[in-house]
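Next come the chains, spelled out residue by residue.
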Amino acid sequence: MKRNNDALLFKCHSCGAAIRPLTFFDGSVWCPNCRINLFIELNQKAENREPARTVKDSSFAISQELFANYLCEGGGRDALGPAIDYCRKAAYELDPYALVNLGYFYSLGYVEGVHVETGRSFAKLCFELAKKCAPAEDGDIVALADANLHALSSPIKKGAESDVFYLRSLLQRFQSEDKATCPRLGVFSVSNNGTLGEEDKKEVLTRLTELYKQATVYLLKRTADAKNPFNKITSANQFEQCFQREDEVLWFAYMRKGDPIKAFKKRLSSLFQNESEVQQNLSAVISEVKRGGNRGADFSDQDVMICTFDEKLYRYYGIDKSKEFSAFDRLSKLYHKAQGE
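Here we summarise the structure given alongside this text.

Definitions and limits used
Residues numbered from 1 in each chain as written. Predicted model: local features only at pLDDT ≥ 70, side-chain atom pairs only at ≥ 80, totals over all residues. Heavy atoms only, no water. Helix = DSSP H or I, 4+ residues; strand = E, 2+ residues; numbered from the N terminus. Buried < 20%, exposed > 50% of the residue type's maximum accessible area, 1.4 Å probe, protein only. Contact = heavy atoms within 4.5 Å. Pairing = 2+ DSSP bridges. Axes fitted to C-alpha atoms, helices over the stretch in contact; angles between N-to-C directions. Parallel < 35°, antiparallel > 145°, perpendicular 65-115°, else oblique. Nonpolar A, V, L, I, M, F, W, Y, C, P; charged D, E, K, R; others polar.

### Looking at the overall build of the chain
And step 1. On a plain count of helices and strands, the chain comes out with 14 helices and nine strands.
And step 2. Buried positions account for 51% of the 341 residues belonging to the chain.
And step 3. Of the contacts formed within the chain by residues at least 6 apart in sequence, a portion of 70% connects residues at least 24 apart.

Now the structure itself:
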């Protein structure tokens, strides 16, 4: 199914534009035209007891069919992505079952480009909104939403993902047809304490070389340096040398090569030219990733794009916007805020 399918366009209830919404790393959904957080607006309307919308289409049924195909018939990512898109469209029309399913997708990490640790807050909003929109006679949807809210109260169990698996998954995401959602900036760690077997180490080096072909890669320095926290990898042969360091964990950062897609290019291209600023912010993100006990984080063009939005974004997060901060500064601050909740 094509990512530019017109059936996935829906009308922003604020500005009236037909949009494909932007998804932030925390799961929140934004209108690219009027720059508002779409589901926060819906939630506020529900708080004010506005009547639920009765407009229905086949979006939720299509979503269910596609997700079943993903689970049972090997539809893979070609089925999962559109399943979530159609579910989001139905949820935006306040279909309570679509809202529960959308929260489920976010809370379990199905949504590409959304961090599970931070996406759970958007999932919580979906479940709470589903309860508000449920018909009075439908107790099942309320019970289902409550069960999912209860599940969110438990901390995430950190998986022992191998370095090989992580890098394979990262590189696979680089191949997404929707370049706005695949990683643009990111950080990740690789074990260097002798736990990697020879075969795994060989494959890690192979995957790092593949990453080097598609992105500018940096290795975090041993000592903190606010102006230049990273050593830039200038040859794929340097990865072998990285493993000769005494660090227990090696931390890398990267910035994908190539311009943003046409819709974002004018606004974002100049931002990516300041390499030292990108490095400083990725260094700050590494600190937050370590604090949260995670092994990596990444951000898409959509994430950086949303960080160029106006004060509505910062008011939502309770962060003052200052002209002295660029989109990358804001991205780092917002990640810090999201991880602290």
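### Considering the sheet that holds strand E7 (residues 230-232)
And step 1. Sheet architecture is open: five strands sit in the order E7-E6-E8-E5-E9, paired in antiparallel fashion. Edge positions in the sheet fall to E7 and strand E9 (296-300), since each has one partner strand and no second. Here the strands of the sheet are splayed against their neighbours by 25° on average, with no regard to which way each runs.
And step 2. Of the pairings in the sheet, the one linking strand E6 (residues 215-220) to E7 comprises three bridges and is antiparallel in character. Looking at E7, one finds that Leu220 is bridged to Phe230.
And step 3. Contacts from helix H8 (residues 198-214) reach strand E5 (183-191), E6 and strand E8 (249-256) within the one sheet, and its direction differs from that of E6 by about 125°.

### With respect to unusual backbone geometry
And step 1. One non-glycine residue, Arg35, lies in the positive phi region at around 65°.
And step 2. Along the chain, the position of Arg35 falls in the loop between strand E4 (29-30) and helix H1 (38-47).
And step 3. Phi is positive for Leu94, close to 65°, though the residue is something other than glycine.
And step 4. Tracing the sequence through the fold places Leu94 in the loop between helix H3 (77-92) and helix H4 (96-107).
And step 5. Using a relative accessible area of 8% as the deciding quantity, one classes Leu94 as buried.

### Examining the packing of helix H11 (residues 275-291) against helix H14 (residues 327-339)
And step 1. In contact at an axis separation of 9 Å, H11 and H14 are set at 5° when each is read in the N-to-C sense. With respect to H14, the axis of H11 lies roughly parallel. Seen from H11, the contacting residues are Glu277, Val278, Asn281, Ala284, Val285, Glu288, Val289 and Arg291; seen from H14, they are Phe328, Asp329, Ser332, Tyr335, His336 and Gln339.
And step 2. Of the residues contributing to the contact of H11 with H14, the split by class is six nonpolar, four polar and four charged.

### Digging into the pairing of E6
And step 1. Where burial is concerned, most of E6 is hidden: six out of the six residues are buried.
And step 2. Because side chains alternate across E6, one face comprises the buried residues Ala215, Val217 and Leu219, and the other comprises Thr216, Tyr218 and Leu220, equally buried.
And step 3. Examined bridge by bridge, E6 and E8 share five bridges and lie antiparallel to one another. Counted as the bridge partner of Thr216 is Met255 from E8.

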